[in-house]
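Examination of the molecular architecture
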Amino acid sequence: MINRFIVYLFIVLASAASGAGFWHFSHPNGRPVALGRAVPDFALLDQSGKFHQLSDYRDRKAIVLYSHDPDCPSGKQGMAALESLRQQFGPDSTAILAIEHTTGKSESKSARSDLPVLLDDGQLVAESLGIVRSGEALVVDSSNWTLRYRGPIDDRNDYESENPQISKYYLEDAINAVLNGNTIEIAERAGIGCPIDFGTSNDSDSISYRDSIAPIFQQRCLSCHQKGGIGPWAMDGHAMVKAWTARIREVILLKQMPPWHADPAVGEFAHSLALETREKKALIRWIDAGAPRGEGQDPLQSETPAGPAAWPLGEPDIVLKVPTFEIPAKGILAWQYIKLPVPVGKDTWVRAVHMKPSNREATHHVFAFIEYPKERKQEEPKWAEGANGFFAAYVPGAPVLPFPDDSGRLLPKDSKIIFQRHYLTLGYPTEDNLELGLYLYEDPPSMEYKMATAINLGIRIPPRAAAHRESATVVFPENGNLQAIYPHMHYRGSSIRLSAAYPDGREEALLSVPDYHFQWQTSYQLADPKPMPAGTRIRADAEFDNSAKNPLNPDPDREVRWGQLSENEMLVAYLMYTTPRKPPNLAGTTTRQPVLAGRGSLQEAGIE
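Residues numbered from 1 in each chain as written. Predicted model: local features only at pLDDT ≥ 70, side-chain atom pairs only at ≥ 80, totals over all residues. Heavy atoms only, no water.

**Concerning the pairing of strand S4 (residues 62-68)**
Counting buried positions over the seven residues of S4 gives seven, a clear majority of the element. Of the two faces of S4, the one holding Ala62, Val64, Tyr66 and His68 and the one holding Ile63, Leu65 and Ser67 are both buried throughout. Bridging between S4 and strand S5 (residues 94-100) involves seven bridges; their strand directions are parallel. Pairing of Ser67 across the sheet is with Ile99, part of S5. Assessed by its sense of winding, the connection that carries the chain from S4 through helix H1 (residues 75-89) to S5 is right-handed. The pairing of S4 with strand S7 (residues 137-141) spans five bridges and is classified as antiparallel. Residue Ile63 lies in a different strand from S7, and its bridge partner there is Val140. (Buried < 20%, exposed > 50% of the residue type's maximum accessible area, 1.4 Å probe, protein only. Helix = DSSP H or I, 4+ residues; strand = E, 2+ residues; numbered from the N terminus. Pairing = 2+ DSSP bridges. Right-handed = clockwise from strand over helix to strand, strands pointing away.)

See the structure below:
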C-alpha cells in the first residue's frame, strides 16, 4: 500500500549560475568513496537474473565488491582467486560479489561463473563507488557500512608484468581484519586492471535540464507524481525536484523507481516505466553536478497537468456508484461485499473497465465479479473470488487500459456485479466512494478477452525460511493469444518467473520479476501478443522470504499457508488472452478450475 508522506520543503542553498543553459561535467569518478566513509546502498541483477541489494547482506560481517571485466587479461585470475576466498571464508561471514560493468541490456560474459556477477548496466554503481578500473576489490564492513579496503586482490599482477609468486594477499588480510575487528595494515593500494569505459567519449558531456532532464520526468514519473496522483509529492517544477534529488538518486540506484520490476532480459512489454541506460546516466550525472536549472522555460512548471483525469479512457457509458463505506480510524477491517444490478437490457459486450475508488490511500484492493442470471449459471466463469479470475479490479499501481483491440468481455442481460473491497485504516476516520466505469461496444467484437490462471492453493512456507520455493501451473484450454501477465503474491513474495512449455516441445521464458513488490501490483502487457496453442503449459516459479530480514513480514515465526488476507500468502499468475468469440450460448465459458472455499467466501459474507 502506498502511504502518504508529509512533504517538507527546504531552501535551495546552491543553484546554477544564471545564463547557463547547459552544464559541463568533469570526470564522473571525481568523488570516490574514501576509506572510513559510508558506502551507498545499491541494487543490481546478476547473470542469472537474481536480484541483489547491498543492504540485504547485513548479516555478513564483511562484503567484498570486485570490479570484474571478463575481457581484461587479469579477469579469469581474479575470479578464480575470489572463488578460492569464498571457499576459505564460507558464506556465513563473508559475501563476495563481482560487479561487471556492462553497457548492454542485462547481458554478461560471466554466465557460467559460480560467483554472483552483478550487472552494472551503465556503470552507475562503479561511478557511485569511485571504481575506475577492473581488478579492484572493495571491502565493506557491514557493522557501519564503511569502506575498509580498496585495492587489488594480491600482488600477482603489476603494470605490464606478472609476478611468478604471490607475496602479498591484500584482500585476504583485509577480510580477516574486518572479521576480527582489527586494523587493516595496507588499507588502500592503486588498482592495476583495465580502465572502465564510462562512455564519456560517446555521450554528450553536457546535459540540459530543460531539454534532457525534465522530459525524462515527464515521460517516466508524472503519471504518479502530480497533484492528486499516487506519488507522495508532485513534480511541479525544478525547485521541488531539486529538493528531492538525494532521494531520486537513491531510488534509481536501488531500482525502486520508476516502479517497474521486470527483468529486461526476459520478454518485451508495452507501457514500461523502466529508465533506459542513457536516462539513468543523465539523471545521476545531473544530480551529482548539483541539479542545475539553466535558462529557459521550466517544462515541469509550465506543462504539469492539474491532476489525473477522472476518467482517463473518456466518459464511461455506464457508471455504477457503490454506496459509501465509512472507514474507521483503527482496526483490521473485514472484506466488504456488495451486489449491484447492471442496467443493460440485453447481452452487452464491454471494451474497457475502470475501477475508481475515491480514497486510494485506504483502498487495499477491489475485485468485481459478474453474477449471471440463474438460467445461465452454466456459462458463468468460475471466478473463485479472484483466485481464478475477475471481471474488473483495482490494485495499487495498476494502469487503466482498455481491453486489446476488437476484444471484450460479456455482460449478460439481467446480470449483477459483486464488489469485493478491502480497506486499510489510516489512524483517522475517512470514507471511500467507489465507482466502476463500463465502456460498451455497439456491436459484439470478434474476440473475447479471457483469463487462464496458474494457482497453488497448497503453499506452505516454513517459519524463517528466507528463500522458500513454490510453483503453480495451468494448461491453456484453447488456442489464444497471450496479451498480459499479472503475477500476485503477498508480503513474503520476493520473486516470480513464468515460462511456457509448448505442445511441440519448445520452452520459453515469458516474464521474470526478480524483485517482487506487493505494493506494486503490475500487469505486464506484452508488446506483441504471443500465440498460445491449446495444451501449452504455463509454469510460475516463485520464491518467498519468510525470514526476519524481510521488513514487511508480518510474523517470521509461523508457517504461512494460502489465505486471502495479506498476513497469509498467495501464489497466482493471471494470464490474460484473447480467443475468437464463441456463439452466444457459449460466450464467457471457461474450463473448470479449482474453486476457492473457506474464510471470506461469498456465502459466508451473506450475499443473496
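Having put the structure on the table, let's press on.
**Structural notes on the confidence of the model for the chain**
For the chain, per-residue confidence averages 85 on the pLDDT scale, and residues scoring 70 or more make up 85% of the total. Predicted confidence is poor over residues 1-30, with pLDDT under 50, and the contacts of this stretch with residues over four places away or in other chains come to 63 contacts. Low pLDDT (under 50) marks residues 201-205, which in the prediction has seven contacts with non-local residues, meaning those over four places away or in another chain. (pLDDT = per-residue confidence, 0-100. Contact = heavy atoms within 4.5 Å.)

**What about the packing of H1 against helix H3 (residues 170-180)?**
When two helices pack together, their arrangement is given by the angle between the helix axes and the distance between those axes. Where H1 contacts H3, the axes come no closer than 11 Å and their chain directions differ by 30°. By the angle between their axes, H1 is roughly parallel relative to H3. Seen from above, H1 lies across H3 with right-handed handedness. Residue-level contacts link Leu82, Leu85, Gln88 and Phe89 of H1 to Leu171, Glu172, Ile175, Asn176 and Leu179 of H3. (Axes fitted to C-alpha atoms, helices over the stretch in contact; angles between N-to-C directions. Parallel < 35°, antiparallel > 145°, perpendicular 65-115°, else oblique. Left-handed = near helix turned anticlockwise from the far one by under 90°.)

**Notes on helix H4 (residues 209-220)**
Within H4, the full set of buried residues consists of Tyr209, Ile213, Ala214, Ile216, Phe217 and Arg220. Down the axis of H4, the sector holding all buried residues measures 145°, keeping them to one side. Regarding H4, its N-cap is Ser208, as a side-chain oxygen of that residue lies 3.3 Å from the backbone nitrogen of Arg210 further along. (Arc of directions from axis to C-beta. Polar contact = N/O pair within 3.5 Å; in protein donor to acceptor, adjacent residues only side chain to side chain.)

**Thoughts on unusual backbone geometry**
Each neighbour pair has its own omega, and for Met257 with Pro258 the value is -10°, a cis peptide bond. Summarising the element assignment, Pro258 is placed in the loop between helix H6 (245-253) and helix H7 (277-288). Phi at Gln123 is positive, roughly 60°, even though this residue is not glycine. Along the chain, Gln123 falls in the loop between strand S6 (117-119) and helix H2 (124-129).

**Brief notes about H7**
In this model H7 runs 17 Å from its N-terminal to its C-terminal C-alpha over twelve residues, within 8% of the 16 Å that 1.5 Å per residue would give. Burial analysis of H7 places nine of its twelve residues in the buried class, which makes it a mostly covered element. Glu279, Lys280, Lys281, Ala282, Leu283, Ile284, Arg285, Trp286 and Ile287 are the residues of H7 that are buried. Elements that come into contact with the buried residues of H7 comprise H2, strand S11 (206-207), H4, helix H5 (238-243) and H6. (Expected span 1.5 Å × (residues − 1).)

**Structural notes on the pattern of salt bridges**
Counted by the stated rule, this structure contains 27 salt bridges. With its nearest N and O atoms 3.0 Å apart, the salt bridge here joins Glu435 to Lys356. On the criterion of sequence distance, the pair formed by Glu435 in strand S21 (residues 435-440) and Lys356 in strand S15 (residues 348-356) is long-range, its members being 79 residues apart. The buried category is assigned to Glu435, whose relative accessible area is 14%. One network of salt bridges, with partners in common, ties together Arg220, Glu276, Arg278 and Glu279. (Salt bridge = Lys/Arg side-chain N within 4 Å of Asp/Glu carboxyl O.)

**Focus on the environment of Ile207**
Here Ile207 is to be found in strand S11. Accessibility expressed as a relative area gives 10% for Ile207, which makes it buried.

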